[in-house]
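In case you want the letters, here they are:
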Amino acid sequence: MEYTSPLLSRPSAVAGAGVDRPVAAHYGQPLKEQRALAAGRAVADLSHLGVVTVSGPDRLSWLDTLSSQRLNGLAEGSSAQLLLLDLQGRIDFDIRLVDDGTTAWLLVEPGLAESLAAFLDRMRFMLRVEVQNVSADWAVVGSTGPVPAFEGLLSWQDPWPEVTEGGYSYAAVEVEQHPGRDRPWREWLVPQAELVERTEGLELAGMMAVEALRIAAWRPRQGFETDNRAIPHELDLIRTAVHLSKGCYKGQETIARVHNLGHPPRRLVLLQLDGSQHTLPSLDSPVVLDGRTVGRLSSVAQHHEMGPIALALIKRNVDPAAVLSVVDATGSQDPDGNPVEETYAAAQEVIVAPEAGQVVGRQSGFLRAPR
């Protein structure tokens, strides 16, 4: 039976779409909710996210051997981001981890907890670890600041956009200029039985607000910016989710080879969309340059200050100064039976620099460029 958040019973709540349909897209005033969430006055219902626990004395050293991140010695209460990759370095799981001293709490996108728990359970061997899918018992709530009503609860603090130990920035701006600094994101673990009570009296923001702030912060999301061939370099995930000096994990060869000797084949870009149509293009719409498809739209939202914005994965060698087009098939037909398409002009804002990668022998600071 599919999960439905109890907060969807709030007045004016409108259910989300796709993987976010179990929670609210908005509560009647999407842009107002977005401003409140950005200012730290509202919280967002993310109770459809998956929660997996790993307990036992070997939990961190074991997860260290499986993942892209160095976790040995992680302090109690500390947060991390880690990736589980396949042999070709493609992203299988993008995990948010917070450790409470006895248990590592792993947060994943909707629908992934069961497969993550099954994978981890197969990898336990004789180690002193126990894996549980506790998604039915725990809810997640997001915010951009402290929430007094959640005092005493465990929370994951997003490291983005800092370059964590062992990480590397593929972005064309310095950390101090990165738009992700305007989004100090936190995800709280709330007992599912207390979700309604804990959020009583709090201002709520829907997923439309969450996604708009995420896109503006250049933050990739699994299932949106990732596909069956995405590697971390393309999404600037080396900065927070990969420790380049640790070894012996699946996918490490691709991580090292692309970083040191090659370039990622695609790059993540923010698109400033023409807002004159007063509509938004559909996800996965082709991104086109001179009649040639060069990428796909992965996320799109209406931002309260920037207007319509999107994230897209495009070919690395696309000219960063080129104005692109997003071509959306509307689903309707003209009188001759031909599909009707709507085209949106899209100006690029470089996230992953075209020259990113191939760092061996390259001078530091090579990615610096005005935003």
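Residues numbered from 1 in each chain as written. Predicted model: local features only at pLDDT ≥ 70, side-chain atom pairs only at ≥ 80, totals over all residues. Heavy atoms only, no water.

- Under an unreviewed UniProt entry, the name given to the protein is GCVT N-terminal domain-containing protein, and the organism recorded is Arthrobacter woluwensis.

## Section: the overall build of the protein
(1) Moving on: The helix and strand inventory of the protein stands at 7 helices and 18 strands.
(2) Moving on: In terms of overall size, the protein behaves like a compact globule, its C-alpha atoms giving a radius of gyration of 21 Å where 371 residues would be expected to give roughly 21 Å.
(3) Moving on: Dimensions along the principal axes, computed over C-alpha positions, put the protein at roughly 65 × 60 × 40 Å.
(4) Moving on: When the 371 residues of the protein are sorted by exposure, 55% land in the buried category.
(5) Moving on: At a minimum sequence separation of 6, the contacts of the protein that also span at least 24 residues come to 71%.
(6) Moving on: A total of about 16200 Å² of accessible surface is found on the protein, and carbon and sulfur atoms cover 51% of it.
(7) Moving on: For the protein, the separation between the mean place of its 33 positive charges and that of its 47 negative charges on side chains is 5 Å. (Helix = DSSP H or I, 4+ residues; strand = E, 2+ residues; numbered from the N terminus. Rg over C-alpha atoms; globule rule 2.2 N^0.38 Å. Buried < 20%, exposed > 50% of the residue type's maximum accessible area, 1.4 Å probe, protein only. Contact = heavy atoms within 4.5 Å. Areas by Shrake-Rupley, 256 points an atom, 1.4 Å probe, with all protein chains shown as cover. Lys, Arg positive; Asp, Glu negative; His and termini not counted. Charge placed at Lys NZ, Arg CZ, Asp CG, Glu CD.)

## Here's the deal with the domain arrangement of the protein
(1) Moving on: Per the domain assignment, the segments of the protein are domain 1 (6-239) and domain 2 (266-350).
(2) Moving on: The straight-line distance from the C-alpha centre of domain 1 to that of domain 2 is 27 Å.
(3) Moving on: Listed per partner, the contact involves 22 residues of domain 1 and 20 residues of domain 2.
(4) Moving on: Of the roughly 1700 Å² buried between domain 1 and domain 2, counting both surfaces, carbon and sulfur atoms make up 60%.
(5) Moving on: For the domain 1 face of the interface with domain 2, the top three residues by lost area are Ile 215, Trp 218 and Glu 234, together amounting to 36%.
(6) Moving on: Here domain 1 and domain 2 share 3 salt bridges between them.
(7) Moving on: Put simply, Arg 296 and Asp 227 hold a salt bridge, and the shortest N to O gap is 3.6 Å.
(8) Moving on: Remark: the boundary between domain 1 and domain 2 carries 9 residue pairs in polar contact (both at pLDDT 80 or more). (Domains from an automatic or database assignment. Buried area = accessible area lost by both parts, 1.4 Å probe. Salt bridge = Lys/Arg side-chain N within 4 Å of Asp/Glu carboxyl O. Polar contact = N/O pair within 3.5 Å; in protein donor to acceptor, adjacent residues only side chain to side chain.)

## Concerning the sheet that holds strand S11 (residues 186-191)
Paired through backbone hydrogen bonds, the strands of a sheet run either parallel or antiparallel to each other.
(1) Moving on: Strands sit in the order S10-S11-S9-S3-S12 across an open sheet of 5 strands; the sheet is mixed. Each having just a single partner strand, strand S10 (155-157) and strand S12 (203-205) make up the two edges of the open sheet. Taken pair by pair, the neighbouring strands of this sheet meet at an average axis angle of 35°, ignoring direction.
(2) Moving on: When S10 meets S11, the two strands line up antiparallel, connected through 3 bridges. Looking at the pairing, Gln 157 lines up with Arg 186 of S11. (Pairing = 2+ DSSP bridges. Axes fitted to C-alpha atoms, helices over the stretch in contact; angles between N-to-C directions.)

## A word on the nonpolar core
(1) Moving on: With 27 residues, the main nonpolar core has Leu 83, Leu 237, Leu 268, Leu 270 and Ile 351 as its most contacted residues.
(2) Moving on: Listed by contribution, the elements that provide at least two residues to this core are strand S5 (79-85), helix H5 (207-216), helix H6 (238-241), strand S13 (266-273) and strand S16 (307-315).
(3) Moving on: Here this core gathers at least three residues from each of two domains, domain 1 (6-239) and domain 2 (266-350). (Core = buried A, V, L, I, M, F, W, Y, C linked by side-chain atoms within 4.5 Å.)

## Examining the packing of aromatic side chains
(1) Moving on: Applying the stated criterion across every chain, the model contains 3 aromatic pairs.
(2) Moving on: Consider the rings of Trp 105 and Trp 138, whose centres lie 4.9 Å apart with planes at 70°: the pair is edge-to-face. Of the two residues, Trp 105 is situated in strand S7 (residues 103-108) and Trp 138 in strand S9 (residues 138-143); the sequence distance between them amounts to 33 residues.
(3) Moving on: Trp 105 sits in the buried class, given a relative accessible area of 11%.
(4) Moving on: Here Arg 96 stacks its cationic end above the ring of Trp 156, 5.8 Å away from the centre of that ring. (Phe/Tyr/Trp six-rings, centres within 6.5 Å; stacked < 30°, edge-to-face > 60°. Lys NZ or Arg CZ within 6 Å of the ring centre and 35° of its normal.)

## What about the UniProt feature "domain: GCVT N-terminal" (unreviewed entry) in the protein?
(1) Moving on: Per the UniProt annotation, the sites labelled "domain: GCVT N-terminal" (unreviewed entry) are residues 32-146.
(2) Moving on: For residues 32-146, the helix share is 22%, the strand share is 37%, and the end-to-end C-alpha distance is 20 Å. (UniProt positions renumbered as here; feature names shortened; annotations may be inferred.)

## Notes on unusual backbone geometry
(1) Moving on: Along the chain, Trp 160 connects to Pro 161 via a cis peptide bond; the corresponding omega equals 5°.
(2) Moving on: A positive phi angle, close to 70°, is found at Asp 284, a residue other than glycine.
(3) Moving on: The topology assignment puts Asp 284 in the loop between S13 and strand S14 (286-289).
(4) Moving on: The class of Asp 284 is exposed, set by a relative accessible area of 52%.
(5) Moving on: Positive phi, normally seen in glycine, also occurs at Asp 290, with a value near 55°.
(6) Moving on: Within the fold, Asp 290 resides in the loop between S14 and strand S15 (292-303).

## Topic: the sheet that holds S5
(1) Moving on: The 5 strands are arranged S5-S6-S7-S4-S8 in an open sheet whose pairing can be described as antiparallel. Two strands bound the open sheet, and with one partner strand each, they are S5 and strand S8 (130-133). Neighbour-to-neighbour, the strand axes of this sheet turn through a mean angle of 25°, independent of strand direction.
(2) Moving on: Direction of pairing for strand S4 (residues 50-55) relative to S7: antiparallel, over a ladder of 6 bridges. Across the sheet, Ser 55 pairs through a bridge with Thr 103, a residue of S7.
(3) Moving on: Sitting on the sheet, helix H3 (residues 113-122) touches S4, S5, strand S6 (91-99), S7 and S8, and the angle it makes with S4 is about 20°.

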